[in-house]
Amino acid sequence: MEYKFIKGIINALGCQNVLKVDFSPKKTCNFDCIYCIVGRTTKWTMKRTEFYPVEEVFSEISNYIDHNGTVEYVLLTGSGEPALYSGFGELSEKIRINFPNIGIIAYTNGTLLNRKDVQKEFANCNVLGCNLNSVYDEEFKRICRPLKDVRLQDTLNGLKEFSKHFKGILKFDTKFVKDLNDTERNVLGLIDYLKEVQPNNYTVISKKYKGQELTEEFTSFITETMKDLPFPVELYL
Ligand code: SF4
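Just so we're clear, the structure is a prediction, and the values are computed from it rather than from any experiment.

Mind showing me how you'd approach the sheet that holds strand E5 (residues 73–77) here?
Within a sheet, neighbouring strands are paired by backbone hydrogen bonds and run either parallel or antiparallel to one another. Read from one edge to the other, the open sheet built from eight strands follows the order E1-E2-E5-E6-E7-E8-E9-E10, with strand pairing classed as mixed. Each of the sheet's edge strands pairs with one partner strand only, and the pair in question is strand E1 (6–12) and strand E10 (233–236). Each adjacent strand pair in this sheet contributes to an overall mean axis angle of 25 degrees, direction not counted. In this structure, E5 lies alongside strand E6 (residues 103–108), joined through three bridges in parallel fashion.

Right, here's the structure in full:
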C-alpha cells in the first residue's frame, strides 16, 4: 500500500519505534522560525482546519500497524504546527481506543494550548514536546517570526495551565540563535518560567544561522545558570 500520511519509523523525543504521521499540507504554521527544517511558511493560519478526513489518516495508521513490525509510538505531526489540524482530538482518541498499547507523541509550538478544546485533545498524548524560545516578545518575534495574531503571553499562560493537568511526559526545548534570542534576560526568564511549569525534561540547543554561532561567553552563561535546575536539563551548545 502506498501511504500518503505515514512517513516511516523514526526516533523522536527520546522514544524509539515511532511511526511518523503527517496530516497537514506543507507548510502550514503560525510561525516561520528562522531554523525551521520544513522550510518557509507558505500557509499562514491560526485557524484549525481538517486538512484531511480523520478516517483517511486513521485508516493508514491502522493498516501500517497491522502489517508492519513493532510500532511503540505514533507521532502526530504536520508539516507545520500539529494543533492546527482540527481532527487532532478525534484522531488521537481513535488511536488510544484501538491501540491502547501504543503511545501518542506530539511536538508543538504551544500557541493553541491556551484553548480548552486543544488542551483536552492534547491530553491524549503520552509524550508532548513543546518548543519555547523566549519569554520576551522582542526575542520571540526575532527567532519565531510569528503571525501577528499570536500572543506570546497567551501561549505562556496556556502552556502553564496545561502542564498542571497533563498526565504524560512533558518535554520543553529552546533553540538559541545568535543575535536573535541569545540575551541573558531571556535565559533567566525561561528558567523562572520553567521552574513553575516543572517539565520532565528541558533541552537547550544552539542553532547556527548565517554561519554565526553563539558566543562562548553566552554558552558559558547558559551552562552556569542551568546547572542546578530542579528538572533534568540537556545542553547541546
Ligand atoms: S513552529 Fe515548528 S513548524 Fe512552525 S516554523 Fe517553527 S519550527 Fe517550523
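So, next bit.
Which parts of the structure should I look at to understand the pattern of salt bridges?
Oppositely charged side chains can form a pair if their charged atoms are brought close together. The tally for this structure, following the rule as stated, stands at 18 salt bridges. Across the salt bridge formed by Lys 94 and Glu 55, the nearest N and O atoms sit 3.1 Å from each other. Note that Lys 94 is positioned in helix H2 (residues 88–98) and Glu 55 in helix H1 (residues 54–67), a separation of 39 residues in sequence. On the basis of relative accessibility, which here comes to 23%, the residue Lys 94 falls in the partly exposed class. The closest approach of N and O atoms between Glu 138 and Arg 142, which form a salt bridge, is 3.6 Å. Of this pair, Glu 138 and Arg 142 both sit in helix H4 (residues 137–144), four residues apart, roughly one helical turn.

Help me understand the layout of surface pockets in this model?
Any empty space left between atoms is shown by rolling a water-sized probe over those atoms. In this structure, the largest pocket spans a volume of roughly 1100 Å³. Around the largest pocket, the lining comprises 38 residues; the ones closest to its centre are Tyr 35, Ile 37, Tyr 107, Asp 173 and Lys 175. Those elements that provide at least two residues to the lining of the largest pocket are E1, strand E2 (15–22), E5, E6, strand E7 (127–131), strand E8 (169–177), strand E9 (201–207) and E10. When its residues are assigned to classes, the lining of the largest pocket shows 17 nonpolar, 12 polar and nine charged.

Definitions and cut-offs
- Residues numbered from 1 in each chain as written.
- Predicted model: local features only at pLDDT ≥ 70, side-chain atom pairs only at ≥ 80, totals over all residues.
- Heavy atoms only, no water.
- Pairing = 2+ DSSP bridges.
- Helix = DSSP H or I, 4+ residues; strand = E, 2+ residues; numbered from the N terminus.
- Axes fitted to C-alpha atoms, helices over the stretch in contact; angles between N-to-C directions.
- Salt bridge = Lys/Arg side-chain N within 4 Å of Asp/Glu carboxyl O.
- Buried < 20%, exposed > 50% of the residue type's maximum accessible area, 1.4 Å probe, protein only.
- 1 Å grid on protein atoms, 1.4 Å probe; cavity = no way out; pocket = protein on both sides within 12 Å on 5 of 7 lines; lining within 4 Å.
- Points joined across faces, edges and corners; volume = space filled by probe spheres on them.
- Nonpolar A, V, L, I, M, F, W, Y, C, P; charged D, E, K, R; others polar.

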